[in-house]
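Residue strings, one per chain:
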Amino acid sequence: MASTREAARPLLGCVGEKMSHIVRMNRKPPQIEKAELKNVINKVSKDLAIYLESFIPKGGATSYTKHAIMGPVGKLLSALESDKFSTADGYVGYTVNIHENTGEMGPKKEYIDLLRGSVEQLLDIKNKVGLSRWPKIIREIDYSIYFLKMKIIQEKAKAKRLREKGGETP
Amino acid sequence: MTGKWGRTGYQSLLAHSLNALSVSLAIMKLINWQQDSDKWNVVITSRLIHDYAKKRWQKGKPPKALTDDEIKRIKEMLLEMGFSKKIIEKSLDLALKDETPGNVDDALAMIKRAAPTPDEQDVAILGDRLASIKDFSNIEHQIYGDTKHLLNRFGLSLTYHRVGIVRGITTLLLHKALIQIHQEHEFIPVLYFPSGVLYIGKDTAPKVNKERLLKTLKEELKGFIELQASSSIGQAAMGAVNQTPLKAPEYALMSLDAIQKFWHYALGQNVIKSPAVHSVELKGKEGIGRELSKIINIWNTIEEGEREALIKLYKGIHHLFVYFNALLKAVIEWGAKDAEETVSKVFLNIFGKLAPQGLFSLKFTTKKAEAVAILTKLLNSLDVKNNLENALSLLEPFIMEASNQITQKCSQEALKKISEPLCMLLNDLVYPSLENPKDVAQKSYNKYNSGKRKAGTPVCVIDGNPAEITGIAQLHGQGVQSFNNLLAGGSQITTTNKSMFCRLCNMEAQLRALIMSRWANGEILFLVPQVNSTSTVFDEIWQKMCTALEGIANIGKISDCTWWAEQILENKLNVSASTLFVSFLAERPKANKYEAFIDELVKILKEESKGDLTLLMFNYPRIKASNFREFAKKALEQGVISKEKIREASLKASAAITIVTANYGVMLIPSRIRSKHGDAEESETSALIRKMFFGTLMARLFLASTIYADTPLSVLPAEIYPQGYFRIPKKLGLRPVLENLNLLNDSWIPLEKVDEILEKLAALLKVEEFLGQNAGYGKDSLLEIATRHRGMVLARAAQAGKAWPQLVRLLDRYWDV
């Protein structure tokens, strides 16, 4: 009976007498600390949720699906995930264009600055984390913005009800 | 909750202060210091405040020196308690000078204070040192030589007893017996641990005699059964008619009182009082129905109701004699060979006729034709018409008298049988050793030398002792018929190849069954008190806790996790425990759960209609009833009672029971802490999250550490000692949840994190309830919600139209951003 080591040889890539090359993976350790990454994700999510405040869909808000709530930011995140552009300008232009076409009006300058800041930060962390982690980060940001935006919508609805019912909490 | 860390774990500052205080108190009593004298009060107050500075401590070197603000606060506090300024100053001196300074600040603070008297200082140091012992499994190394020297100065000495494993109720009995023996020799218990007790006394430590201990243990056992379980002997002894009719005949036969209780219970059960009749039996195609149709020619022409009554009569009487004969068999096996003769005589005396042949050997497995023939003879000779109730009332005096007579013959034997496994319990004792250590070593050596005599001796799956009892799922818990590592490899699991148990583990199961018949179908939670010092403190705090625990357990809200979650999220648990429990202490548990359930339903309906039955009937016009009880039963049958009301009533009717001593408590929860999703039970990992919440909650409420038994009869190894509130279950699937809760590197829920963890878990449970079946994630719902991003959960809820502000608030509370 072959020894354990001999039995394991083919698994290590040895065929007959000739040694074949073992496949090696060069894993780059992430260049960003977990806590720092968390901070960036939180900041970007908050900024993009604020940016969305400037987006009013044409004809007013008629739907509260995730797609409708995320507006141009949803499209931005899809573009970032699929690596559609190579510069921050490309992403900002793409988002502003969608904003203008689907919204009542285009974003003001301060909102565009907020958008640019967020995109730059995202491109920065994209270079620092591995490719395999990138979609997961985008997904996290996507849901964070959705959650924050829903929170804002509900707070506004509550404030509206309070105004209408003379201070009665729902 | 502020923690006090040490080399071997940590305890809360409150628990440590109370422990130190009560140990010092015990010492002062032993050395006859005058109560309420100045030195008495100085030691007491100093123990309360001696670690006050550690409130600021977060790990690392503990601070000792007090800040000016802290001194001010202490003075105010002690003045409020009625101590004089002189006592307060002295207690501050003592509190700061009771240990070696850890740094320059501490040393400078100490120098400023006046020196306490050596006696005061030594009593204070002893209190502090002994109260700092946490790991009792290593007690020999936990006590410094210097501590012994200090005790000797007062003419005192230390001793302890320690067991190797903690079983549950049987170990509690062993602790109680040993405490009694030590107390007889004037050694008082000062610290209680799950695996033992530390004593202080004058003179030398008492030698524990094996016979004496066994005698005390038997008395404790008898006392326990009489006190805790006398009302449930019937439930404990009675098994399923088609399996093991008597799970534990020795408990039914231990006394005349017990046998009366057994029959009182058994005669009230449907299996005898009103056995189920199947439609195939009614048609005369199967079972007793088929046999009756053979002897009654006009069977098919008889009305269905009459046929049912006839089958019920035969079945009921058959089952009655199955139970009676099981008792008889047990008595004969125990040596009373003339037992059958005795019951025959009783039959003759009462009915004036001889009992039909074969009546006292009827079993459930007797062929139906034979059984029907015997029963027909019996019923004809007694002239019973087709009515089970009449037949039972006619036979009851015979059953009672015959059972009394056979019980008299064997009650001593039954008691002996019950207490037999207690000898095995003595083997658990690690210290004091009941045998000469040299003899034990020699015996082991000889055994090893002689080698194995035969292969394949079955061993107990719990403790590895020689096993004699085959597991019964109803008594020993589910899983007795599944593979375990103590079965031979590759062996087939069949009804004849079940887990085996030793007599001691079987006894533990039986004692638990005496308290709660279906204990093995629920959860077992061990509660270890953090305040584990002398009985003075125990009586004040731990006993109150037990009363409170019993109170909430009896109204059934105890394992309803979502109800508890609501209380936490509404900050209702922030009031004092006593205030909380005043509202919970309601009623005692009922023997019959269905009746208890109806009682609760009646209360709810009365509340709804403000006590007006006509109003209730107006609201539910289809139901006509003369009283609330009748109304409740009819409404239930017709399905007009809402789900919410049914849930409320059933929750109130179920109960959990806790057996508590100063060493630890065993909480028997009647059902699994596991929610249902449609027909399927939630996954094991999700259930673990729920159990984690409940275990932590109990620990927090009662200032105890809690541990679940892995399997119903699992024992706790003596090495386990509390290092926080709740021992976190280790399961790979739970990893992301623990990561979210920042508990990945903890094996216990830390003292300082408990409130935060409880709030997060409460929010999680409420989210799961909120999503319900439509928006939930099936049987893994709790785990999925716990590990997914909150936005993802919200998006799912939004799809089902449930993205309400309440959900957003709950998600906010669970997720740390």
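Just so it is clear, the model here is predicted, and its values are computed rather than measured.

(A) Broad picture of the overall build of chain A. Looking only at helices and strands, one finds six helices and two strands in chain A. The buried share of chain A, taken over its 170 residues, is 19%.

(B) Just the overall build of chain B, in detail. Check the secondary structure of chain B and you find 37 helices and 16 strands. Taken over 817 residues, chain B has a buried fraction of 42%. Intrachain contacts of chain B at a sequence separation of at least 6 include 72% that bridge at least 24 residues.

(C) Geometry of the sheet that holds strand β3 (residues 156-163) of chain B. All names here are of chain B. In space, the four strands of this open sheet follow the order β5-β6-β3-β7, with antiparallel pairing throughout. Whereas interior strands pair on both sides, the edge strands pair on one side only; in this sheet they are β5 (187-193) and β7 (429-431). Put simply, the sheet's adjacent strands are angled 25° from each other on average, direction ignored. Bridge count for β5 against strand β6 (residues 196-202) is six bridges, and the pairing is antiparallel. In the sheet register, Pro189 faces β6, and the bridge partner there is Tyr199.

(D) Highlighting the packing of helix α3 (residues 66-81) of chain A against helix α6 (residues 134-165) of chain A. All names here are of chain A. At a closest axis distance of 10 Å, the pairing of α3 and α6 adopts a crossing angle of 160°. Classified by the angle their axes make, α3 and α6 are roughly antiparallel. Taken as a pair, α3 and α6 cross one another with a handedness that is right-handed. Each of Lys66, Ile69, Met70, Val73, Leu77, Leu80 and Glu81 in α3 lies in contact with α6, whose residues at this interface are Pro135, Ile138, Ile141, Asp142, Ile145, Tyr146, Lys149 and Met150. Considering only residue class, the contact of α3 with α6 consists of eleven nonpolar, no polar and four charged.

(E) Summary view of the environment of Met400(B). Residues and elements named next belong to chain B. Among the secondary structure elements, Met400 is positioned in helix α20 (residues 388-419). By the C-beta count within 10 Å, which is 17 here, Met400 ends up partly exposed. Each C-alpha atom of the pair Met400 and Tyr725 lies 51 Å from the other, and the pair is 325 residues apart in sequence.

(F) Structural context of the environment of Arg290(B). When you line up the elements, Arg290(B) lands in helix α16 (residues 287-295). For the pair Arg290(B) and Pro729(B), spaced 439 residues apart in sequence, the C-alpha separation works out to 54 Å.

(G) Local environment of the interface of chain A and chain B. Taken residue by residue, the interface counts twelve residues in chain A and eleven residues in chain B. It is α6(A) that provides the largest number of residues to the side of chain A that touches chain B, a total of nine residues. Across the side of chain A that touches chain B, the residue classes tally to five nonpolar, three polar and four charged.

(H) Region of interest: the environment of Thr147(B). All names here are of chain B. Topologically, Thr147 is positioned in helix α8 (residues 145-153). Spatially, the C-alpha atoms of Thr147 and Lys624 are 77 Å apart, while their sequence positions differ by 477 residues. When near neighbours in sequence (up to four residues on either side) are disregarded, Thr147 contacts Leu126 and Arg129.

(I) Examining the packing of helix α32 (residues 684-702) of chain B against helix α34 (residues 754-775) of chain B more closely. All names here are of chain B. Taken N-terminus to C-terminus, the directions of α32 and α34 make an angle of 140°; their axes are 10 Å apart at the nearest point. It follows that α32 is oblique to α34 by the angle criterion. Every pair of crossing elements has a handedness; the one defined by α32 and α34 is left-handed. On the side of α32, the interface is formed by Arg690, Met692, Phe693, Thr696, Leu697 and Arg700, while α34 contributes Val754, Ile757, Leu758, Leu761, Ala762 and Leu765. Considering only residue class, the contact of α32 with α34 consists of nine nonpolar, one polar and two charged.

(J) Region of the structure containing the domain arrangement of chain B. Residues and elements named next belong to chain B. The assigned domain composition of chain B is domain 1 (3-132), domain 2 (230-419), domain 3 (458-521) and domain 4 (524-539 + 557-575 + 657-814). Contacts between the two partners involve ten residues from domain 2, matched on the other side by eight residues from domain 3. Here the side of domain 2 that touches domain 3 gets three residues from one element, more than from any other, and that element is helix α11 (residues 233-237). Of the residues in the side of domain 2 that touches domain 3, the class split is five nonpolar, four polar and one charged.

(K) How the structure looks around the confidence of the model for chain A. Residues and elements named next belong to chain A. Across chain A, the average pLDDT comes to 83, with 82% of residues at or above 70. The least confident element of chain A is helix α1 (residues 4-8), whose mean pLDDT is 45; the most confident is helix α4 (residues 88-102), at 94. Every residue in residues 1-16 scores below 50 in pLDDT, and together they form eight contacts with partners more than four places removed in sequence or on other chains.

(L) Representation of helix α13 (residues 256-266) of chain B. All of the buried residues in α13(B) are Ala258(B), Ile259(B), Lys261(B), Phe262(B), Trp263(B), Tyr265(B) and Ala266(B). In this fold, the buried residues of α13(B) make contact with α11, α12 (249-252), α14 (270-273), α17 (304-333) and α20 of chain B.

(M) Region of interest: unusual backbone geometry. Residues and elements named next belong to chain B. The peptide bond linking Tyr431 to Pro432 adopts the cis configuration, its omega dihedral lying at 0°. In this structure, Asp203 takes a positive phi of about 70° despite not being glycine. Residue class for Asp203 comes out exposed when judged on the 11 C-beta atoms lying within 10 Å of it. You will see that Asp383, though not glycine, has its phi angle at about 55°, which is positive. Tracing the backbone shows Asp383 in the loop between α19 (368-382) and α20.

(N) Here's a closer look at helix α26 (residues 561-569) of chain B. Residue and element names in this part refer to chain B. Inspection of α26 places Cys561, Trp564, Ala565 and Ile568 among the buried residues, and these make up the whole buried set. Buried residues of α26, viewed axially, fall in a sector of 105°; they line one side. Residues of α26 that are buried sit in contact with α32 and α34. Asn571 lies just past α26 and shows a positive phi near 60°.

(O) Structural context of the nonpolar core. All names here are of chain B. Core analysis: the largest hydrophobic core is formed by 224 residues, its most contacted members being Tyr251, Ala252, Phe262, Leu327, Val767 and Leu794. No other element matches the 15 residues that α17 contributes to this core. Residues within four places of Tyr251 in sequence aside, it is in contact with Ile233, Ala236, Ala237, Ala258, Ile418, Gln510 and Leu514. Formed by five residues, the second largest nonpolar core is a distinct cluster that contains Leu605, Leu616, Phe631 and Ala632.

(P) The arrangement of the pairing of β5(B) in detail. In terms of burial, β5(B) is a largely internal element, six of the seven residues being buried. Remark: two residues form the turn of the hairpin made by β5(B) and β6(B), two consecutive strands paired antiparallel.

(Q) Fine view of the confidence of the model for chain B. All names here are of chain B. Scored by pLDDT, chain B comes out at a mean of 82, with 88% of its residues at no less than 70. Here helix α27 (residues 577-584) stands out as the element of chain B with the lowest mean pLDDT, 48, in contrast to helix α9 (residues 169-184), whose mean of 94 is the highest. This model gives residues 581-592 a pLDDT under 50, and the stretch forms 17 contacts once residues within four places in sequence are excluded. Predicted complex, confidence summary: ipTM 0.79, pTM 0.77.

(R) Region of the structure containing the pairing of β6(B). All names here are of chain B. Burial of β6 is extensive: six of the seven residues sit out of reach of the surface. Pairing analysis gives seven bridges linking β3 to β6, with the strands arranged antiparallel. The partner of Leu158 across the bridge, within β6, is Ile200.

Each value, and the rule that gives it
- Residues numbered from 1 in each chain as written.
- Chains lettered and ligands numbered in written order.
- Predicted model: local features only at pLDDT ≥ 70, side-chain atom pairs only at ≥ 80, totals over all residues.
- Helix = DSSP H or I, 4+ residues; strand = E, 2+ residues; numbered from the N terminus.
- Buried ≥ 20, exposed ≤ 12 C-beta atoms within 10 Å, placed from the backbone.
- Contact = placed C-beta atoms within 7 Å.
- Pairing = 2+ DSSP bridges.
- Axes fitted to C-alpha atoms, helices over the stretch in contact; angles between N-to-C directions.
- Parallel < 35°, antiparallel > 145°, perpendicular 65-115°, else oblique.
- Left-handed = near helix turned anticlockwise from the far one by under 90°.
- Nonpolar A, V, L, I, M, F, W, Y, C, P; charged D, E, K, R; others polar.
- Domains from an automatic or database assignment.
- pLDDT = per-residue confidence, 0-100.
- Arc of directions from axis to C-beta.
- Core = buried A, V, L, I, M, F, W, Y, C linked by C-beta atoms within 7 Å.

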